[in-house]
Amino acid sequence: MGGMHLPQRTVVLAPLASIAALGLLAGAALPPGAPGSAGGSTGHGTHAATVSAGDGALDEDRLRSALLDHTDFPQGWAGDSSEQAERRGIGVPRPTEDGCRELFEPAGDGSGTARAGFARTHAGPFVVTVAAAHGDEAGARAAMEGFARAARECATFHAEEGAERNPTTVSYTADGDGSSPEGLGEEAAALRFTRESEARGEAAVVAEVVIARVGAHTVRIAQAGRDDAAAGGLTGLAERAVEKLQQVTEGHTPQPLPDQPGATEL
């Protein structure tokens, strides 16, 4: 998955279509119709159950109902957590630079958030999604601006990986050649990073993230693992995450996709 090398402090807002071609870890390809597969689609969630949308930002319970869950993944995926990722020493990267953490998680601006994580195997790929309520549309737009600012300032960032007692500092560098993806929420942006590798012939490890705004809310979907074009990408998952957030902000409870077997335990 070749991408042009980006100099420091260069913004990359990759088109979602290019991310669709990105696969992570052999054996993790998603079957046709699954959220991350090329044949995946949205629009299958029903509105059989409803909740009161209320005024203003969603509370934590409603944000959580908008998150991706086990029914949005094909069989073989399992629920994951920050604690499990910390014990493993690998997962979606957490930049050591404070200003770069906003790439993968909302800034500490008082926003209400809900988070969910998933893993295909103990070695990845890993997916983390975070939904955030920003109080009003101005706050959500400011969050999008914060993401763009982090993208400009963090064309390269560092993260610690490996066992807690003996972590290794690795670097990730942005690559890509596009702009903001279209048709995803009211505005959206996407980034892809490649981890620096010291071993010749080793499969590249990549991290990608999509952020989209729906009214006064944002949702991030991040995925990390080995680069494998035969595996799935983030397109279907991002579309499903935005679809669910839109449904919840409209006062509906998202229903499981009818053809998804759901996640299992690793």
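Above this text is the structure in question.
Below or above, wherever it landed, is the structure these notes cover.

Moving on to the environment of Glu153. Along the chain, Glu153 falls in helix H4 (residues 137–153). Placed 53 residues apart in sequence, Glu153 and Cys100 show a C-alpha to C-alpha distance of 7.5 Å.

Our focus in this paragraph is the layout of surface pockets. In this model, the largest pocket occupies a volume close to 840 Å³. Along its surface, the largest pocket is lined by 29 residues, and Ala85, Glu86, Val92, Pro93 and Arg94 are the ones closest to its centre. Breaking the lining of the largest pocket down by element, the ones donating at least two residues are helix H3 (82–88), strand S3 (112–119), strand S4 (126–133) and strand S5 (156–161). Here the residues of the lining of the largest pocket sort into twelve nonpolar, seven polar and ten charged.

We now examine the sheet that holds S5. Pairing within the open sheet is antiparallel, and its eight strands lie in the order S2-S3-S4-S9-S8-S7-S6-S5. The sheet is open, and its two borders are formed by strand S2 (78–80) and S5, each paired with just one other strand. Across the sheet, the mean angle from the axis of one strand to that of its neighbour is 25 degrees, orientation sign disregarded. As judged from the three bridges shared by strand S6 (residues 168–174) and strand S7 (residues 187–195), these two strands associate in the antiparallel manner. Note on S7: the bridge partner recorded for Tyr172 is Arg195. Its contacts with the sheet place H4 against S7, strand S8 (205–214) and strand S9 (217–226), and it is angled at close to 155 degrees to S8.

By the definition in use, this model includes one disulfide. Disulfide pairing places Cys100 opposite Cys154 at an S-S distance of 2.0 Å. What sets the handedness of the Cys100 and Cys154 disulfide is the S-S torsion sign, and at about -90 degrees it is left-handed. One end of the pair, Cys100, is in the loop between H3 and S3; the other, Cys154, is in the loop between H4 and S5, with 54 residues separating them in the sequence. Neither residue differs from the other here; Cys100 and Cys154 are each classed as buried.

A word on H4. Every α-helical turn comprises 3.6 residues, leaving residues that sit three or four positions apart pointing alike. For H4, which comprises 17 residues, the first-to-last C-alpha distance of 24 Å matches the rise-based estimate of 24 Å (1.5 Å per residue) to within 8%. Looking only at H4, the buried set comprises Gly139, Ala140, Ala143, Met144, Gly146, Phe147, Ala150 and Ala151. Each buried residue of H4 lies within a common arc of 150 degrees when the element is viewed along its axis, so the set occupies one face. Opposite the buried face of H4, by more than 90 degrees, sit the exposed residues Ala138 and Glu145. Looking at the buried positions of H4, the neighbouring elements they touch are S7, S8 and S9. The backbone nitrogen of Ala138 lies 3.3 Å from a side-chain oxygen of the residue at the head of H4, namely Asp136.

Cut-off values and rules
The written sequence of each chain sets the order in which its residues are numbered from 1. Two thresholds apply to this predicted model, a pLDDT of at least 70 for residue-level local features and 80 or more for giving and counting side-chain atom pairs, whereas whole-chain, interface and lining totals are computed over all residues. Remark: hydrogens and water are excluded; side-chain values derive from all non-hydrogen atoms of the structure. Comment: elements are numbered from the N terminus, with helices defined as DSSP H or I runs of at least four residues and strands as E runs of at least two. For cavity detection a 1 Å grid was placed over the protein atoms alone, and a set of points counts as a cavity when a 1.4 Å probe fits there but cannot get out; an open set counts as a pocket when protein lies on both sides within 12 Å along at least five of seven lines, with lining residues being those that have an atom within 4 Å of a point. Grid points are joined across faces, edges and corners, and a volume is the space filled by probe spheres set on the points. Under this grouping Gly is polar, as are all residues other than the nonpolar Ala, Val, Leu, Ile, Met, Phe, Trp, Tyr, Cys and Pro and the charged Asp, Glu, Lys and Arg. The criterion for strand pairing is that DSSP finds at least two bridges linking the strands in question. Axis definition: a line fitted to C-alpha atoms, over the contacting stretch in the case of helices. Angles run 0 to 180 degrees between N-to-C directions. The contact criterion used is simple: two residues touch if any of their non-hydrogen atoms lie within 4.5 Å. Disulfide assignment relies on a single distance test, namely cysteine sulfur atoms paired within 2.5 Å. Partly exposed describes any residue whose relative accessible area lies between the buried limit of under 20% and the exposed limit of over 50%, with all areas from a 1.4 Å probe on protein chains only and scaled to the type maximum. One less than the residue count of a helix, multiplied by 1.5 Å, gives the span that helix is expected to have. Our arc is simply the arc of the directions from the helix axis toward the C-beta atoms. N or O atoms within 3.5 Å of each other form a polar contact, as long as, within protein, one can give a hydrogen and the other can take it, and as long as residues adjacent in sequence are counted only when both atoms are side-chain atoms.

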